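Take a look at the letters that make up each chain.
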Amino acid sequence: MLKSFVIRTGRYTTAQKKAYELFSDGFLIPFSQDFIDFEKIFYNKNDITLEIGFGSGTATAEIAQANQNKNYLGIEVHRPGIGRLLWEIEKRKLSNIRIIEHDAADVIEKMIPQGSLEAVHVFFPDPWPKKKHRKRRLIQKPFTEMLSDLLKENGYFYMVTDWEDYALHALDELKNSRGLKNAYKDFAEKRTWRPKTKFEEKGLAKDYTIRELFFLRETL
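Within the largest apolar cluster, 35 residues are counted, with the highest numbers of intra-cluster contacts made by Phe38, Ile52, Leu117, Val120, Ile139, Leu147 and Phe157. Those residues in contact with Phe38 that lie beyond four places of it in its chain are Tyr43, Asn44, Ile48, Leu73, Ile112, Pro113, Ser116 and Leu117. The next biggest cluster of nonpolar side chains, apart from the first, holds 25 residues, and it includes Leu85, Leu86, Ala188 and Ile210.

Rendered as structure tokens:
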């Protein structure tokens with residue numbers, strides 16, 4: 001199975017550590033071999049959005065705060081980002097976010113029931129720019145078809161990247177993935193509800209073009 005991440009080094013601040021220690025028990029879901037009962041972990045039947053690799057989590061928190069009638073499950077392996085999102089959850093008094101600290105490929109295979117998600121978000125995944133490393137890219141078959149199976153009918157997959165080659169590659173993979181249909185001719189219009197991330201701002205400062213992909217789950 002494809003790994004969805006590579007271990008990076010990065011600063012783990014005192015505030016992030018403290019947030020992780022204080023709030024992880026309330027919001028982190030342990031990895032298991034059993035499907036999640038979403039109603040049990042969120043205490044409601046609201047629609048679920050899965051975000052793979054939320055980074056610092058600030059965009060995740062903003063989206064969740066603006067849509068408190070929806071639930072958000074974030075997957076991340078980098079503890080500084082988890083600590084930052086936990087800090088945001090506490091600061092904003094959010095109850096509609098849960099986090100799994102584990103590899104996304106394992107989580108979607110073992111823990112997410114088919115047909116249970118309204119949406120999957122992937123913002124600025126690692127582009128693995130070297131040709132010899134492209135096989136490590138997350139958004140390609142068969143992973144895209146596994147994601148398709150998790151979506152409800154008319155649910156959506158939404159990806160954003162500032163790496164042109166990855167955008168073209170992902171577009172081709174998604175077009176040829178069972179159960180997914182492009183909502184646009186090729187790249188999508190910008191979602192006005194998506195906050196701009198710090199990573200995105202760095203890309204724009206380098207004159208990178210931001211490309212968005214928006215695919216719908218269709219009836220088979």
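Here the narrative resumes.
Counted under the stated rule, the structure contains four aromatic pairs. On the basis of an interplanar angle of 75 degrees and a centroid distance of 5.5 Å, the ring pair of Phe123 and Tyr158 is categorised as edge-to-face. Within this pair, whereas Phe123 is found in strand β4 (residues 117-123), its partner Tyr158 is found in strand β5 (residues 151-161), the two being separated by 35 residues in sequence. Grouping residues by exposure puts Phe123 and Tyr158 together as buried. Summarising the aromatic geometry, the rings of Tyr158 and Trp193 are spaced 5.4 Å apart at their centres and angled 65 degrees between planes, so their arrangement reads as edge-to-face. Pair noted here: Tyr158 is in strand β5 and Trp193 is in the loop between β6 (180-182) and α8 (198-205), with a separation of 35 residues, a long-range link. One aromatic cluster in this structure is built from Phe123, Tyr156, Tyr158, Trp193 and Phe214. Taking NZ or CZ as reference, Arg191 lies 4.3 Å from the ring centre of Phe214, over its face. The aromatic ring of Phe187 is capped on one face by Arg211, whose charged end is 5.9 Å from the ring centroid.

Next up on the list: helix α7 (residues 164-175). In this model, α7 (twelve residues) spans 17 Å end to end at C-alpha, consistent with the 16 Å of a helix rising 1.5 Å per residue. When we look at burial in α7, the residues that qualify are Tyr166, Ala167, Ala170, Leu171, Glu173 and Leu174. Along the axis of α7, the buried residues cluster in a sector spanning 170 degrees; they form a single face. The elements touched by buried residues of α7 are α6 (143-150), β5, β6 and β7 (211-217).

What counts as what
- Residue numbers restart at each chain and count upward from 1, following the sequence in its written direction.
- Confidence filtering applies because this is a predicted model: local features only for residues at pLDDT of at least 70, side-chain atom pairs given and counted only at 80 or more, and all residues used for totals across whole chains, interfaces and linings.
- Only hydrogens and water are set aside when side-chain values are computed; all heavy atoms of the structure are taken into account.
- Put simply, a nonpolar core is a bunch of buried Ala, Val, Leu, Ile, Met, Phe, Trp, Tyr and Cys residues held in one set by side-chain atoms that sit within 4.5 Å of each other.
- Under the scheme applied here, a residue whose accessible area is under 20% of the maximum for its type counts as buried, over 50% as exposed, and between as partly exposed, the area being computed with a 1.4 Å probe on protein chains only.
- Contacts are assigned to residue pairs with any non-hydrogen atoms lying within 4.5 Å of each other.
- Side-chain rings of Phe, Tyr and Trp, where Trp is taken by its six-membered ring, are said to pair if the distance between their centres is within 6.5 Å; with planes under 30 degrees apart they count as stacked, over 60 as edge-to-face, and otherwise as tilted.
- Helical segments are the DSSP runs of H or I of at least four residues, strand segments are the runs of E of at least two, and each set is numbered from the N terminus.
- Only when the NZ of Lys or the CZ of Arg is both within 6 Å of the ring centre and within 35 degrees of the ring normal is a charge said to sit over the ring.
- Any helix carries an expected span of 1.5 Å times its number of residues minus one.
- This arc describes the spread of directions from the helix axis toward the C-beta atoms.

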